[in-house]
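Descriptive structure summary
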Amino acid sequence: MNKTFNWTASSQSREKVFIEMDKLRKKDFDWHDLQNLTASYFGGHDVAEIAKEAFCRHIGDNAVHQKGLHPSVSTYEREVLEMVFGLFNAPNEASGTITTGGSESIMLALKTARDQARAEKPEINVPELVVPQSAYAVFNKACHLLGIKLVQMSESPDFRADVAGMKEAVNENTIMMVGSAPPFPYGLVDPIPELAAIAKAHKIWFHVDACIGGFVLPFARDLGEVIPDFDFSVEGVTSISCDFHKYGYAYRGCSVLLLRNAELEQYQGFSTETWPAGDYYSKNVAGSRNSGPIASAWAVMKYLGYEGYLEIIRQLIASRQKFFQQIEASKSAQLLGRAEGPHFAFTVGDVDIHRLLANLMTRGWRANLGTKPDSVLLMLSHHHGQIAEKFGQDLNSAIEEARSQAPVDHDAQVYSIY
Ligand SMILES: Cc1ncc(COP(=O)(O)O)c(C=O)c1O
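Residues numbered from 1 in each chain as written. Predicted model: local features only at pLDDT ≥ 70, side-chain atom pairs only at ≥ 80, totals over all residues. Heavy atoms only, no water.

Let us look at the pairing of strand β3 (residues 149-152). Bridge count for strand β2 (residues 128-131) against β3 is four bridges, and the pairing is parallel. When the sheet's bridge partners are listed, Val131 is paired in β3 with Gln152. Between the parallel elements β2 and β3, the chain passes through helix α5 (residues 138-146) in a crossover that is right-handed. (Pairing = 2+ DSSP bridges. Helix = DSSP H or I, 4+ residues; strand = E, 2+ residues; numbered from the N terminus. Right-handed = clockwise from strand over helix to strand, strands pointing away.)

Here it is in structure tokens:
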């Protein structure tokens, strides 16, 4: 073995390892810091503790081995699935698969649709996927991996999906259309019923990406908010992805792919009989999956119950309202629509957006960058209402400062959290 590649020559003490780790973590940003306005998904210290304890109890368990080694994990999966079926008005024939994250849920949906098309529409040579401009980038990645042609809209009228453009883009090779509830760049729910009707008319799969909104929109509606229809109550919706590890408040990675009809699962799984260790069947993209995330999802859902989520979402909506007020009160900033979900974007016309984000960063804030148009994207948790006013003040001074600074070369990435 060639030991020159960064191996420490001898074992180190536990103390030394963690001293070095803490040194490395010094510049890290606390995930639940109040000034963290990126995708942090904080449900409260009590919720985080429950999730952590459940996670730790299963930290060494592989969810692949639930039959023979960890039957408790099957129970967690079955029970959380029953809860999400209720959340999305799933029909009795529905099925669900727990995955490692939104990306896996989406890849799996696309793989299932592709294999259904292979079986039922063999005349299609190169299958096509029609997505709004704002669909999450993993759709691009999944198309790349699965040999599917991506047809992505070039515009987002009113920051929602381009229904007319998508209708036009559907052809005899289209196997799937997508809408998001809501998409990452804007936070406004796509017109799901209109899109699903087009898909239904063409007998193609319609996927709803509710990875962000899945644990927010149903509760917001129950609280009296006007939420566009987006779940299985909409005819034509074939599948939904929803992330426990976002506003479900589980630790990463835990998500679910729901299918309207369990019969579609025949196209989801993969099996082989040639493996020298026995027959192999998997209905996930991932192989080994840590049981910790699913245990944390189950524990948090039991702990909070419907009423607990309702109260968190009530506070989240109130927080978003306070932020809307701050943006609307600023003479320079303009909301890109009034988002129904937990996040929203705003633009500041005459200011370089990279400079602005960097100036917010020096004031202790972390936020996301939007590029169509140049914008700031804030992803809120329920506790953020208490710092909305401070954000408004800092935003105004960061804008003033940016006006006196030279614009930056965007390729230089003055600001990026990736
Ligand atoms: C709308 C949307 N869909 C899907 C995903 C992918 O989720 P994950 O990061 O869990 O793979 C994200 C991630 O932020 C998202 O915002």
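With respect to topology, four strands assemble into an open sheet ordered β10-β11-β13-β12, the strand pairing being antiparallel. The sheet is open, and its two edges are formed by β10 (333-335) and β12 (368-371), each paired on a single side. Each strand of the sheet is rotated relative to its neighbour by a mean of 35 degrees, with strand direction disregarded. The sheet contact formed by β12 and strand β13 (residues 374-379) spans four bridges and is antiparallel. Opposite Thr371, over in β13, you have Asp374 as the bridge partner. (Axes fitted to C-alpha atoms, helices over the stretch in contact; angles between N-to-C directions.)

Here we come to helix α11 (residues 388-403). Over its 16 residues, α11 extends 23 Å from the first C-alpha to the last, a length consistent with the 22 Å expected when each residue adds 1.5 Å. Listed as buried for α11 are Ala388, Phe391, Gly392, Asp394, Leu395, Ala398, Ile399 and Ala402. Check the buried side of α11 and you find it contacts α9 (291-329), β10, β11 (343-348), α10 (353-362) and β13. (Expected span 1.5 Å × (residues − 1). Buried < 20%, exposed > 50% of the residue type's maximum accessible area, 1.4 Å probe, protein only. Contact = heavy atoms within 4.5 Å.)

What follows covers the site of the ligand. The environment of the ligand is formed by 13 residues, the closest being Gly102, Ser103, Asp209, His245 and Lys246. In this structure, Gly102 approaches the ligand through a main-chain N or O atom, which is 2.9 Å from an oxygen atom. Alone, the ligand offers 390 Å² of accessible surface; in the complex the protein occludes 86% of this. Take the shell around the ligand: its biggest share by element is three residues, from helix α4 (residues 102-120). (Near = heavy atom within 4 Å. Polar contact = N/O pair within 3.5 Å; in protein donor to acceptor, adjacent residues only side chain to side chain. Areas by Shrake-Rupley, 256 points an atom, 1.4 Å probe, with all protein chains shown as cover.)

Okay, the nonpolar core next. One finds Phe244 and Phe346 to be the most contacted residues of the largest nonpolar core, which totals 101 residues. Tallying contributions element by element places α9 first for this core, with 16 residues. Formed jointly, this core draws a minimum of three residues from each of two domains, domain 1 (50-300) and domain 2 (307-403). Membership of the second largest hydrophobic core comes to 25 residues, among which are Ile124, Ala142, Cys143 and Leu259. (Core = buried A, V, L, I, M, F, W, Y, C linked by side-chain atoms within 4.5 Å. Domains from an automatic or database assignment.)

So, on to the packing of aromatic side chains. For the structure on display, the rule yields 20 aromatic pairs. Between the aromatic rings of Phe88 and Phe230, the centroid separation amounts to 6.1 Å while the plane-to-plane angle is 80 degrees, which identifies the pairing as edge-to-face. Separated by 142 residues along the polypeptide, Phe88 in the loop between α3 (71-87) and β1 (95-99) and Phe230 in the loop between α8 (217-222) and β6 (239-243) bring together distant segments of the chain. Accessibility assignment for this pair places Phe88 and Phe230 in one class, buried. With 6.2 Å between their ring centres and 80 degrees between their planes, Tyr247 and Tyr249 make a pair best called edge-to-face. (Phe/Tyr/Trp six-rings, centres within 6.5 Å; stacked < 30°, edge-to-face > 60°.)

With mixed pairing, seven strands are arranged side by side in an open sheet as β1-β7-β6-β5-β4-β2-β3. The open sheet is flanked by β1 and β3, the only strands paired with a single partner. When the angles between neighbouring strand axes are averaged without regard to direction, this sheet yields 20 degrees. In the sheet, β1 pairs with strand β7 (residues 255-259) via five bridges, with the strands oriented antiparallel. Paired with Ser95 across the bridge in β7 is Leu259. Packed on one face of the sheet, α4 meets β1, β2, β4 (174-180), β5 (205-209), β6 and β7 and runs near 180 degrees to β5.

Okay, a nonpolar patch on the surface next. Side chains of Val17, Phe18 and Met21 sit close together on the surface and give an oily, nonpolar patch of about 240 Å² of accessible area. Within the element layout of this structure, Met21 appears in helix α1 (residues 14-24). (Patch = residues over 30% accessible without salt bridge, like charges linked within 9 Å, V, L, I, M, F, W, Y side chains within 5 Å. Salt bridge = Lys/Arg side-chain N within 4 Å of Asp/Glu carboxyl O.)

This next bit is on the domain arrangement of the chain. Under the domain assignment used here, the chain contains domain 1 (50-300) and domain 2 (307-403). Placing the centre of domain 1 and that of domain 2 at their C-alpha centroids yields a distance of 29 Å. The partner domain 2 presents 24 residues to the 27 residues of domain 1 that form the contact. Both sides of the domain 1 and domain 2 interface together cover about 2,100 Å² of buried area, and 69% of this is carbon and sulfur. Two residues, Arg320 and Glu225, come together in a salt bridge whose shortest N-O distance is 3.3 Å. Summed over the shared surface of domain 1 and domain 2, the number is nine residue pairs in polar contact (both at pLDDT 80 or more). With four residues, α8 is the largest single contributor of residues to the side of domain 1 that touches domain 2. For the side of domain 1 that touches domain 2, the per-class residue count stands at 21 nonpolar, three polar and three charged. (Buried area = accessible area lost by both parts, 1.4 Å probe. Nonpolar A, V, L, I, M, F, W, Y, C, P; charged D, E, K, R; others polar.)

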